[in-house]
Each structure stands twice: as structure tokens, then as C-alpha cells.
Amino acid sequence: MGEWSIIWSQRAAFLDGFLMTLELFILASVISMIMGLYLLYFTEHNLRALNRTIVAFVSLMRTLPFLIFAYLLYYGLPQLGISMSAFTAGLIALSLYHGAYFFEIFRSQRQVFSAGYIEAAQAQGFSKYKTFRRIILPNIISGALPLMANQLIICLKDTAFLSIITVQEITAAANSVQATYFIPFKAFIIAIVLYWLISVIIELATKWLGRYGAKRGMTHV
């Protein structure tokens with residue numbers, strides 16, 4: 001049996017790994033973006049203690065290697081009596097880690113947002129929440145789309161680390177096939193193609209959202 005025939009015979013393993021990666025990526029992306037936006041909203045209240053807590057959390061995530069963080073959640077927390085499945089640990093690690101980075105992306109856009117629009121909204125009687133939802137949020141998301149796309153691709157690539165904590169995603173599937181049949185090159189070529197396909201979808205979706213936002217006039221900066 002040729003090597004490509006072996007790869008084809010193991011297509012179910014690659015498909016399962018692809019679906020697992022896709023599920024983890026989508027869930028972690030949605031959670032981390034929502035988390036980043038909520039953290040940004042909390043900073044709008046200018047509460048010193050809260051802001052310092054958020055900054056400390058973000059600084060910790062930015063200095064902590066993702067692999068060590070995933071290891072800590074899956075292998076370290078059981079020593080404290082907190083056990084979770086590999087999938088749950090991986091999802092939490094991805095969400096918290098990238099939530100901090102999304103917050104930084106959104107905060108950078110918030111810092112260059114014109115104060116005039118906020119003052120105009122306040123003059124019209126908008127509450128802080130309504131100002132954030134109707135004025136600030138659409139603009140920072142529209143302006144941050146390229147950076148968000150880049151962060152999403154990084155999040156996708158970080159799912160590969162989760163094979164170390166036994167999550168059966170794309171990299172784990174490729175590693176299992178190459179270890180069993182000793183065909184590392186072709187097995188990992190398939191893994192690369194699958195990651196590339198998801199990355200292309202991210203880039204296309206980002207471009208579509210950018211065009212959609214421009215047509216709807218969502219950018220005022």
C-alpha cells in the first residue's frame with residue numbers, strides 16, 4: 001500500500017481531528033472576542049481597582065507561554081482538586097489567553113477613537129452602555145478587523161499545542177498516523193493543508209465583513 005493510500009485509509013482520523021479543531025477554534029474565538037469586549041466595556045467605567053485587575057490579568061496572559069498555561073490547567077489544577085476534560089481545559093486556555101489579546105486589540109482602537117462622537121452621544125442623552133453599544137463598539141470592531149483576523153489565525157495555530165494535553169485535533173491525528181505508519185511528511189502535509197483551509201476562510205470572512213461594514217457606514221473614525 002502506497003503512502004497516499006495509507007493517508008486516504010486514515011481519512012476518518014483526519015476528519016475527526018479537523019472537526020475537533022474547528023469546534024475548539026470557533027468556540028474559543030467567540031468566547032475570547034466577547035471576553036475582550038466585556039473587559040473593554042468595564043474599563044469605560046474608570047474604576048481604578050477594576051482596571052488594575054484587568055491590566056494585571058492581561059499582562060499575565062501576555063507573558064505566559066500558551067503551552068505552559070494549557071499544561072497548568074490540565075495537569076496542574078487536579079492537584080488542587082479541580083479536574084476537567086482535555087477539551088474543556090483546552091477551550092478555557094484558548095479563551096482566556098486570546099481574550100486578553102483581543103482586549104488589547106480593542107483597547108488600541110478605543111484609544112484612537114474620536115472623543116467627539118462620545119460627547120455628541122452623551123449630549124443626546126445616551127447612557128454609557130448605549131454609547132458603547134451603538135457608537136464605540138461598531139467602530140472599534142470595524143477598525144480592528146485586520147488585527148482580529150491575525151489574532152484568529154494565531155488562535156487557530158495554538159490549537160495544535162493542545163495535542164500535548166491529549167486533545168484529538170488535527171496535529172494529534174497527523175502525529176498518530178505518522179507514528180503508526182512512519183510517514184511523517186505526508187501526514188503533516190495533510191495537517192498543514194487543513195489548517196490552511198481554515199485560515200483562508202478566516203481571511204475571506206474578514207474581507208467580507210470589512211466590505212459589509214463600509215457599505216453600512218459603520219466606520220466614523
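Structure's up top.
Throughout what follows, the structure given in this document is the object of discussion. (Residues numbered from 1 in each chain as written. Predicted model: local features only at pLDDT ≥ 70, side-chain atom pairs only at ≥ 80, totals over all residues. Heavy atoms only, no water.)

1. Points about the packing of helix α2 (residues 11–43) against helix α7 (residues 128–158)
Now for step 1: At a closest axis distance of 10 Å, the pairing of α2 and α7 adopts a crossing angle of 140°. In terms of axis orientation, α2 runs oblique to α7. As α2 runs across α7, the sense of the crossing is right-handed. Here T21, F25, A28, S29, M33, L37, L40 and Y41 of α2 lie close against α7, whose contacting residues are K128, Y129, F132, L137, I140, I141, M148, L152, C155 and L156.
Now for step 2: Considered class by class, the residues forming the contact of α2 with α7 number 15 nonpolar, two polar and one charged. (Axes fitted to C-alpha atoms, helices over the stretch in contact; angles between N-to-C directions. Helix = DSSP H or I, 4+ residues; strand = E, 2+ residues; numbered from the N terminus. Parallel < 35°, antiparallel > 145°, perpendicular 65-115°, else oblique. Left-handed = near helix turned anticlockwise from the far one by under 90°. Contact = heavy atoms within 4.5 Å. Nonpolar A, V, L, I, M, F, W, Y, C, P; charged D, E, K, R; others polar.)

2. Observations regarding the nonpolar core
Note on soluble globular proteins: their nonpolar side chains tend to be buried together.
Now for step 1: By size, the foremost hydrophobic cluster in this structure holds 62 residues, and its most contacted members are F14, F106, L162 and I202.
Now for step 2: When residues of this core are assigned to their parent elements, the largest contribution, 13 residues, is made by α7.
Now for step 3: Discounting residues that sit within four places of it in the chain, I202 has contacts with F25, A149, L152, I153 and L156. (Core = buried A, V, L, I, M, F, W, Y, C linked by side-chain atoms within 4.5 Å. Buried < 20%, exposed > 50% of the residue type's maximum accessible area, 1.4 Å probe, protein only.)

3. Things to note about the packing of aromatic side chains
Now for step 1: Applying the stated criterion across every chain yields a total of 10 aromatic pairs.
Now for step 2: Ring geometry for Y41 versus F42: centroids 6.3 Å apart, planes at 50°, classification tilted.
Now for step 3: Aromatic pair Y74 and Y75: ring centres 4.8 Å apart, planes at 75°, arrangement edge-to-face.
Now for step 4: Linked through ring pairs, Y38, Y41, F42, Y129 and F132 together constitute an aromatic cluster.
Now for step 5: K130 extends its terminal NZ or CZ atom over the ring of F126, reaching a point 4.7 Å from the ring centre. (Phe/Tyr/Trp six-rings, centres within 6.5 Å; stacked < 30°, edge-to-face > 60°. Lys NZ or Arg CZ within 6 Å of the ring centre and 35° of its normal.)

4. Remarks on the pattern of salt bridges
Oppositely charged side chains can form a pair if their charged atoms are brought close together.
Now for step 1: Evaluated as defined, the whole model comprises four salt bridges.
Now for step 2: The residue E44 makes a salt bridge to R110 at a minimum N-O spacing of 2.7 Å. One end of the pair, E44, is in the loop between α2 and α3 (48–63); the other, R110, is in helix α5 (residues 86–111), with 66 residues separating them in the sequence.
Now for step 3: Overall, E44 belongs to the buried group, its relative accessible area being 13%.
Now for step 4: With its nearest N and O atoms 2.6 Å apart, the salt bridge here joins E104 to R107. Of this pair, E104 and R107 both sit in helix α5, three residues apart, which is roughly one turn of that helix.
Now for step 5: Look at R107 and you get partly exposed, because its relative accessible area is 28%.
Now for step 6: What emerges from the salt-bridge pattern is a single network uniting R62, E104 and R107. (Salt bridge = Lys/Arg side-chain N within 4 Å of Asp/Glu carboxyl O.)

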